[in-house]
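Tertiary structure, described
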Amino acid sequence: MTIQQSTELAVLGGTPAFEAPLHVGRPNMGDRARFMERVEDLLDRHWLTNDGPYVHQLEEHIAKLIGVKECVATCNGTIALEILTRALDMQGEVIVPSFTFVATAHALQWQEIKPVFADVDPDHYTLDPARVEALITPRTTGIIGVHLWGQPCDTDGLQEVADRHDLPLVYDAAHAFGCSHKGKMIGSFGRAEAFSFHATKAVHCFEGGAIVTDDSELAKRMRLMRNFGFDGPDRVIYVGSNGKLSEIHAAMGLTTIEALDEITDRNKRNYIAYSKHLAGLPGVELIPHPKGGLFNHHYVILRVDAERAGLTRDELSAALQPENVLARRYFHPGVHHMEPYASLQPMAHLVLPVTEALSQEVLAMPTGQQLDEVGVEKLCGVIRRVLDRAPAVRAALATKDA
Ligand SMILES: *Cc1c(COP(=O)(O)O)cnc(C)c1O
């Protein structure tokens, strides 16, 4: 494919660079025929939910892949976090990053636990252990780290803080399925880790999630909570919710896990292409992926330095949309600016300078099976041309807004 250097930018009245929209988090399908086979199977079995054989298979497969004793599959990642924090008796205050998807905080607030927002480390984008420790009070009952975009948290640093204060440490690993850290799979750190298998994640169940842990007592409590507290027919011993994963969802999970290597390989090659074709572009940095170990490369994140790039992150993003490049501002504006946190904790931003800055700079780019190296090269060419014509782009966007 040739890059059409002569084509006018869409924001300046030209035609879109891409005919079909390129999305961030476009669902992976896996082997469609294999999925359909499983669907036939489960329909034949008349076993559609309630701890069915596909759910068991999925749980066993995940536990083995991560290298932990227990996997409790759930109907989504948010319920996984709610059940996990409740099973650990978290209450009062729990320390979380604000630089994350809103569900990390909502899972707590939903149970009337106050999420206390700690700042992230500017180079790793994950909880800064020193900032966490500074926020611990007598009401603190736990810490939730988030492996943002699959970037592993400082697990040693956070564990030291947690141990020093005798607090349970868990992780929201929604972005990090298939990633490793220090020679172990993500999922094996802290007391437990929660995954999301939402359609936009690398491995998915349409909707789904799971908690993984080596703590069998904890897993038992979570299984009770997932199923209304039923300990046997007609025997309820605990307050519970309905967090069950159904068979058709588990069938999709099994199918997309089988495709994980292929998905990762595609993402990795796209990432390398982004890195090659954006090299040397002033003001636009592709955030480096962790060295060594496994990484799912599910998120490709740019950091835009407005001064050097000539356009702000928001301007670049706005100029890419009409090209059918639907980049997303993950994560903007920071959970502490969203309700109810903005009203409940209006001063939170004072301890979140890194989050405040990062949330103005980051831009998630399309990747996955909708793109290949040629497409990425073309996309990077569009970014270059947008920045080359920064003053005209800025003027065009300003008149559009007016
Ligand atoms: C997707 C996501 C969740 C929520 O998972 P669901 O399965 O959509 O409920 C939680 N935390 C993070 C960081 C996420 O990206």
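Refer to the structure printed above.
Residues numbered from 1 in each chain as written. Predicted model: local features only at pLDDT ≥ 70, side-chain atom pairs only at ≥ 80, totals over all residues. Heavy atoms only, no water.

This part is about the packing of helix α11 (residues 313-320) against helix α14 (residues 373-388). Helices that pack against each other are described as a pair by the angle of their axes relative to one another and the distance between those axes. Taken N-terminus to C-terminus, the directions of α11 and α14 make an angle of 120 degrees; their axes are 10 Å apart at the nearest point. Compared by their axis directions, α11 and α14 come out oblique. In this structure, α11 meets α14 at a crossing whose hand is right-handed. Together, Leu316, Ala319 and Leu320 of α11 and Val382, Ile383, Val386 and Leu387 of α14 make up the contact between the two elements. In terms of residue class, the contact of α11 with α14 is built from seven nonpolar, no polar and no charged. (Axes fitted to C-alpha atoms, helices over the stretch in contact; angles between N-to-C directions. Helix = DSSP H or I, 4+ residues; strand = E, 2+ residues; numbered from the N terminus. Parallel < 35°, antiparallel > 145°, perpendicular 65-115°, else oblique. Left-handed = near helix turned anticlockwise from the far one by under 90°. Contact = heavy atoms within 4.5 Å. Nonpolar A, V, L, I, M, F, W, Y, C, P; charged D, E, K, R; others polar.)

Moving on, we come to unusual backbone geometry. Along the chain, Tyr330 connects to Phe331 via a cis peptide bond; the corresponding omega equals 0 degrees. Following the sequence through the fold, Phe331 ends up in the loop between β15 (325-326) and α12 (341-344). Cis rather than trans, the peptide bond between His332 and Pro333 has omega equal to 5 degrees. On the secondary structure map, Pro333 appears in the loop between β15 and α12.

A few words on the site of the ligand. As a matter of local geometry, the ligand sits amid 14 residues, with Thr78, Asp172, His175, Ser196 and Lys201 nearest to it. Within the contact set of the ligand, an oxygen atom lies 2.6 Å away from a side-chain nitrogen or oxygen of Thr78. In this structure, an oxygen atom belonging to the ligand sits 2.7 Å away from a side-chain N or O atom of Ser196. Counting residues per element, the ones that place at least two in the shell around the ligand are α3 (77-87) and α4 (103-109). Partitioning the shell around the ligand into residue classes produces three nonpolar, nine polar and two charged. (Near = heavy atom within 4 Å. Polar contact = N/O pair within 3.5 Å; in protein donor to acceptor, adjacent residues only side chain to side chain.)

Below, the discussion takes up the packing of aromatic side chains. Taken as a whole and assessed by the stated rule, the structure comprises 11 aromatic pairs. Between Phe177 and Phe197, the aromatic rings sit 5.4 Å apart at their centres with planes inclined by 85 degrees, giving edge-to-face as the arrangement. You can see Phe177 sitting in the loop between β6 (169-172) and β7 (180-181) and its partner Phe197 sitting in the loop between β9 (192-196) and β10 (209-213), a full 20 residues away along the chain. Here Phe177 and Phe197 have matching classes, each one buried. Residues Phe228 and Phe230 carry aromatic rings whose centres are separated by 6.3 Å and whose planes lie at 85 degrees to one another, so their mutual orientation is edge-to-face. Taken together, the aromatic side chains of Phe101, Tyr299, Tyr330 and Phe331 make up a single cluster linked through ring pairs. In this arrangement the basic side chain of Arg45 is found over the ring face of Tyr54, its NZ or CZ atom lying 4.6 Å from the centre. (Phe/Tyr/Trp six-rings, centres within 6.5 Å; stacked < 30°, edge-to-face > 60°. Buried < 20%, exposed > 50% of the residue type's maximum accessible area, 1.4 Å probe, protein only. Lys NZ or Arg CZ within 6 Å of the ring centre and 35° of its normal.)

That is the geometry; function is a separate question.
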